[in-house]
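Topology and contacts: notes
If you want the building blocks of each chain, they are given just below.
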Amino acid sequence: MSHFEHVPLPSTALPVDLDEAAHRCLVAGFDGATSVPDTLKQLIDRGLGGVLLFTRNVRDARQVRRLTDELRAIRPDLLVAIDNEGGGIGHLAGAGAPDVPGSYALGVADDPDLTARCADALAGHLATLGITASYAPVADLQHRPDNPIVRTRSFGADPALAARHLRAWITATEARSIASCAKHFPGHGGTVTDSHHGTAVDPRPYDELRTDLEPFRAAIAAGVPMLMSAHVVFPALDPNRPATLSRRILGDLLRHDLGFCGVLVSDALEMKAIADRYGEAAGARIALAAGADQVVVAVADLDVTLACRDAVLDALRTGVLAQERVEEAAGRVRRLAERYATPPGEVARWDAEAGLTAARRAVRGRGVPSAVRGAHVVDLFPAPHPALNWGGEDLLTEVRAVDPTATGTAVTGECADPDALVEGIVRRCGDAPLVVATCDAGLHPWQARLRDALSARRPDTLRLDTGLPEGGALCSYGRGRVNLRAVAEVLAGV
């Protein structure tokens, strides 16, 4: 049972048009891959603006297309969205998603045409599935080595580089009639807290924050139809509220100063930066009042969505939320749906090799032997983020695909007896070359301890980085399948 109790609304009904407008301002997640829950059907009937698919909704490509067709059969102008950034984050592995590297690797390769080809592949695949809104690309700049959430999802730290790749991504996605969404305005890269887990603050002065706006300016100039807000407090912009709930940031800065006229979508309201301090229902009401056009409730529990919906309707009924604000937001959502709700009838083929080509160009190395074959590969990486899908990629699988003589060990978290683990690895390795790969060891000290203990036993250990560079001989700049295949090829000398 949900901790949300759905309480029937007072009998004073809103006008039908206003009720429909309020529902347009909601995007709901749900559970189920083969049928649409009755509660969701009722929300769609009343005007729900969109649904957001996750891994829980995906079995295979045919099933996803049947599901999106069923959703649109209830109401044809329903937007069907998904997070589709590429790299190690993607919910469509089971549906045969094209393998492309994450954005940071695309920035390292720095070929906007190649970025466009990767974005085109992702968008073309979405079109075949009947998904026409993609909450990507990430426009955040990766400033801090201790940022826990942006990292290789970003194109990099250079605003000009990020801007040119955002333009390439958005233009290619638009050419497929898929709606892109640059996120997370005005930038999540200067924080040391993941807003999924708590209140994130970017303490920099306004002069420093201005550089983070450049990628968003470029996205707006490229015609991006959606932006997503960040659940981040920027004291230099608004000391009191995170961007998602701030009229100063969403209204004054984004609408007035940057001139964005498209649909502003909130990040998911159940993230703790909002849920713990305000609650999802109050967050929905405040976000819409501040200037958001759609609020996202990504959890599968539709009682949470109903609680958010009821808070909005009640605020309209009592005048706490202005009717004009909701009508303005709903109008933007309707225009978005007119352009993007219907999937293309025919989908042209995409470049299936673009992702691996980009990942190969991104690998950087120094002091790597010409070939390290028959190695024992130790792959250290953190457990997958609960809100970001992991497709099951691991380095050993990709190494063995190009060097069947390789062996290895994968470790996804701190173990109870690291000394025994090190002893076992050294014993299994024997005289073979030892390769130790870490991913964000600076954020996960257990990785650094294991790496250093292994290096102490085997001073000839070759170090790899599968996240941001941390001193290894090779770096893949990401853990997407093609990132790991590309670094495996260099390691094996193929």
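It should be emphasised that the depicted structure is a prediction, and the values quoted were computed from it without experimental measurement. (Residues numbered from 1 in each chain as written. Predicted model: local features only at pLDDT ≥ 70, side-chain atom pairs only at ≥ 80, totals over all residues. Heavy atoms only, no water.)

Our focus in this paragraph is the overall build of the protein. Looking only at helices and strands, the protein has 17 helices and 17 strands in total. Since a compact globule built from 494 residues should have a radius of gyration of about 23 Å, the 23 Å found for the protein is in line with a globular shape. A principal-axis box enclosing the C-alpha atoms of the protein has dimensions of 80 × 50 × 45 Å. In the protein, once contacts between residues fewer than 6 apart in sequence are set aside, the share between residues at least 24 apart is 80%. Here the protein has roughly 18600 Å² of accessible surface; of this, 51% comes from carbon and sulfur atoms. Across the protein, 52 positive and 63 negative side-chain charges occur, with their mean positions spaced 2 Å apart. (Helix = DSSP H or I, 4+ residues; strand = E, 2+ residues; numbered from the N terminus. Rg over C-alpha atoms; globule rule 2.2 N^0.38 Å. Contact = heavy atoms within 4.5 Å. Areas by Shrake-Rupley, 256 points an atom, 1.4 Å probe, with all protein chains shown as cover. Lys, Arg positive; Asp, Glu negative; His and termini not counted. Charge placed at Lys NZ, Arg CZ, Asp CG, Glu CD.)

UniProt's entry tags residues 41-336 with the feature "domain: Glycoside hydrolase family 3 N-terminal" (unreviewed entry), counted in the numbering of this structure. Helix makes up 45% of residues 41-336 and strand 13%, with an end-to-end C-alpha separation of 21 Å. (UniProt positions renumbered as here; feature names shortened; annotations may be inferred.)

Our next topic: the domain arrangement of the protein. Here the domain parsing of the protein yields domain 1 (16-341) and domain 2 (363-492). For domain 1 versus domain 2, the distance between C-alpha centres works out to 33 Å. Taken together, the 27 residues of domain 1 in the interface contact 20 residues of domain 2. Summed over both sides, the interface between domain 1 and domain 2 buries roughly 1800 Å², with carbon and sulfur atoms accounting for 63% of that surface. Counting the surface domain 1 buries against domain 2, the share from its top three residues, Asp99, Val108 and Arg151, is 28%. Between the two partners, domain 1 and domain 2, sit three residue pairs in polar contact (both at pLDDT 80 or more). (Domains from an automatic or database assignment. Buried area = accessible area lost by both parts, 1.4 Å probe. Polar contact = N/O pair within 3.5 Å; in protein donor to acceptor, adjacent residues only side chain to side chain.)

A few words now on the pairing of strand S2 (residues 50-53). Because side chains alternate across S2, one face comprises the buried residues Gly50 and Leu52, and the other comprises Val51 and Leu53, equally buried. Judged from the two bridges that link them, strand S1 (residues 26-28) and S2 form a sheet pairing that is parallel. Within S2, the position partnered with Ala28 by the bridge is Val51. Taken together, S1, helix H2 (residues 38-45) and S2 constitute a β-α-β crossover, and its handedness is right-handed. Note on the crossover from S2 through helix H3 (residues 61-74) to strand S3 (residues 79-82): the handedness is right-handed. (Buried < 20%, exposed > 50% of the residue type's maximum accessible area, 1.4 Å probe, protein only. Pairing = 2+ DSSP bridges. Right-handed = clockwise from strand over helix to strand, strands pointing away.)

In this section: the packing of aromatic side chains. The full count for this structure, using the stated rule, is three aromatic pairs. Look at Tyr104 and Tyr477: their rings are 5.7 Å apart centre to centre, the planes differ by 5°, and that puts the pair in the stacked class. Placement of Tyr104 in helix H4 (residues 103-109) and of Tyr477 in the loop between strand S17 (474-475) and helix H17 (481-492) is noted, with a sequence separation of 373 residues between them. Neither Tyr104 nor Tyr477 differs from the other in exposure class; each is buried. Taking the centre distance of 6.3 Å and the plane angle of 75° together, the rings of Phe155 and Trp169 count as edge-to-face. Of this pair, Phe155 sits in the loop between strand S4 (133-134) and helix H6 (159-175) while Trp169 sits in helix H6, and the two are 14 residues apart along the sequence. You'll find Phe155 and Trp169 in the same group, each marked buried. (Phe/Tyr/Trp six-rings, centres within 6.5 Å; stacked < 30°, edge-to-face > 60°.)

Ordered by their spatial adjacency, eight strands build an open sheet running S4-S3-S2-S1-S11-S10-S7-S5, and the pairing between neighbours is parallel. The open sheet has two edge strands with one neighbour each: S4 and strand S5 (181-185). Note: S5 against strand S7 (residues 226-229), four bridges, orientation parallel. Looking at the pairing, Ala182 lines up with Leu227 of S7.

The residue after Ala136, namely Pro137, is reached through a cis peptide bond having omega 10°. On the secondary structure map, Pro137 appears in the loop between S4 and H6. Pro186 follows Phe185 through a cis peptide bond whose omega is 0°. Residue position: Pro186 is located in the loop between S5 and strand S6 (200-201). For Arg151, which is not glycine, the phi torsion reads 50° and is therefore positive. Relative to the elements of secondary structure, Arg151 occurs in the loop between S4 and H6. One non-glycine residue with positive phi stands out, namely Asp440, at about 60°.

Looking now at the side chain of Ser195. Its place among the elements puts Ser195 in the loop between S5 and S6. Reaching out from Ser195, the side chain makes a polar contact with the side chain of His188 at a distance of 2.9 Å. Ignoring any residue separated from it by four or fewer positions in sequence, one finds Ser195 in contact with His188, Ala200, His231, Met271, Lys272 and Ala273.

A separate point is the pattern of salt bridges. Taken as a whole and assessed by the stated rule, the structure comprises 36 salt bridges. With a shortest N-O distance of 2.9 Å, Asp460 and Arg458 are connected by a salt bridge. Since its relative accessible area comes to 12%, Arg458 is described here as buried. One salt-bridge network, held together by shared partners, links Glu20, Arg24, Arg75, Asp77 and Arg334. (Salt bridge = Lys/Arg side-chain N within 4 Å of Asp/Glu carboxyl O.)

Take the environment of Asp31 next. You can see Asp31 is positioned in the loop between S1 and H2. In this view, Asp31 contacts Pro37, Arg56, Asn57 and Ala300; residues no more than four positions away in its chain are not counted.

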